[in-house]
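Observations on the model geometry
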Amino acid sequence: MLKGVNWIAVLIAFVLLEVLGYLWYGLVFSSAWLAEMTAIGLKPDMSSAGQTRSIAEGAVLIIIQVIGLSWLLRRLGASSLQAGLTAGFAAWFFFGLTTQGMEYVYMGFTPKLMAINCGQLALAYVLAGAVLGGVKFGASAGAPAAA
């Protein structure tokens, strides 16, 4: 399953998604996100220890997401920037959006919270797809898709 993974592209996508998350939730939508989380009765642990744990757990999830998207793109033969963008968007639409939609439907997330979270996830999938499809280094630069 990991044969042919372009680890350089995975690393680049991982770093970009970490930066995106920091900018999205830490700077651009920080106040709105916290207000919406509080409105539904969730209080994120904003202490230093709580943030360190959240960031570490989030990093593990992002690396799994990027490796999974890398696998999917290889299986689809998406080996260009355009194909990566398209496949990243499709993966978000069919899997990410619908999964987060369940939070809206069953967990009482507000439309604004849904928009903040889904917007970030959409950009993350599209950005990762672009990098994974467009960056040509390492094992997958000329390798065919593997199972």
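Bear in mind the structure is a predicted one, so any value in this text is a computation, not a measurement.

**Let's talk about the layout of surface pockets**
If you add up the space inside the largest pocket, you get close to 1100 Å³. Surrounding the largest pocket, 30 residues form its lining, Y25, W33, S54, I55 and G58 being those nearest its centre. Going through the elements one at a time, α1 (7-28), α2 (30-39), α3 (48-76), α4 (81-107) and α5 (111-134) are the ones with two or more residues in the lining of the largest pocket. Per-element accounting of the lining of the largest pocket gives the leading share, nine residues, to α3.

**Things to note about the confidence of the model for the chain**
Chain-level pLDDT for the chain is 91 on average; 93% of the residues reach the 70-or-more range. Mean pLDDT across the elements of the chain ranges from a minimum in α3, with 93, to a maximum in α5, with 97.

**Section: a nonpolar patch on the surface**
A cluster of nonpolar residues, L11, V15, V19, Y22, L23, L27 and V28, forms a patch on the protein surface that exposes about 670 Å² of accessible area. Looking at the element boundaries, V19 is found in helix α1.

**Considerations on the nonpolar core**
By size, the foremost hydrophobic cluster in this structure holds 32 residues, and its most contacted members are L17, V66, L69, L73, W92, Y125 and L132. Going through the elements one at a time, α1, α2, α3, α4 and α5 are the ones with two or more residues in this core. If one sorts the elements of this core by residue count, α5 sits on top with 11 residues. Excluding residues that lie within four positions of it along the chain, Y125 makes contacts with Q65, L69, G88, A91, W92 and G96.

**A short note on the pattern of salt bridges**
Under the definition given, this model contains one salt bridge. Linking R53 and E57 is a salt bridge whose minimum nitrogen-to-oxygen distance equals 2.7 Å. Separated by four residues within a single helix, R53 and E57 lie in helix α3, roughly one turn from each other.

**Focus: the environment of G77**
Relative to the elements of secondary structure, G77 occurs in the loop between α3 and α4. Of the residues examined, G77 reaches a relative accessible area of 51% and is grouped as exposed. Taking the C-alpha atoms as reference points, G77 and G133, 56 residues apart in sequence, are found 9.1 Å from one another.

**Some words on the packing of aromatic side chains**
In total, this model carries six aromatic pairs according to the counting rule given. When the ring of Y25 is compared with that of W33, the centres are 5.5 Å apart and the planes differ by 70°; the resulting orientation is edge-to-face. Here Y25 falls in the partly exposed class, since its relative accessible area comes to 22%. For W33, a relative accessible area of 17% puts it in the buried group. When the centroid spacing of 5.2 Å and the interplanar angle of 85° are considered together, the rings of F93 and F94 count as edge-to-face. Residue classification places F93 among the partly exposed positions, given a relative accessible area of 39%.

About the thresholds
- Numbering of residues starts from 1 in every chain and runs along the sequence as written.
- For a predicted model such as this one, the threshold for reporting local features is a pLDDT of at least 70, and the threshold for listing and counting side-chain atom pairs is 80 or more; totals across whole chains, interfaces and linings nevertheless cover every residue.
- Hydrogens are left out, water is left out, and the side-chain values use all remaining heavy atoms of the structure.
- With a 1 Å grid spanning the protein atoms alone, the term cavity applies to any set of points in which a 1.4 Å probe fits but cannot get out, the term pocket to an open set with protein on both sides within 12 Å along at least five of seven lines, and the term lining residue to any residue with an atom within 4 Å of a point.
- Grid points are joined across faces, edges and corners, and a volume is the space filled by probe spheres set on the points.
- Runs of E in the DSSP output that reach at least two residues are strands. Runs of H or I that reach at least four are helices, and both are numbered from the N terminus.
- pLDDT expresses, on a scale from 0 to 100, how confident the predictor is about each individual residue.
- Here, patches come from residues exposed beyond 30% relative accessible area and free of salt bridges, joined within 9 Å for like charges and within 5 Å for nonpolar side chains (Val, Leu, Ile, Met, Phe, Trp, Tyr).
- All accessible-area figures derive from a Shrake-Rupley calculation using a 1.4 Å probe, and residue coverage is judged against the displayed protein chains alone.
- The working definition used for a salt bridge is a side-chain nitrogen of Lys or Arg within 4 Å of a carboxyl oxygen of Asp or Glu.
- Side-chain atoms within 4.5 Å link the members of a nonpolar core, which is a set of buried Ala, Val, Leu, Ile, Met, Phe, Trp, Tyr and Cys residues.
- Throughout, exposure labels follow a simple rule: accessible area from a 1.4 Å probe, protein chains only, divided by the maximum for the residue type, with under 20% read as buried, over 50% as exposed, and the rest as partly exposed.
- Pairs of residues are marked as contacts when any of their non-hydrogen atoms sit within 4.5 Å.
- We call Phe, Tyr and Trp rings a pair once their centres come within 6.5 Å, taking the six-membered ring for Trp, and we label the pair stacked below 30 degrees between planes, edge-to-face above 60, and tilted otherwise.

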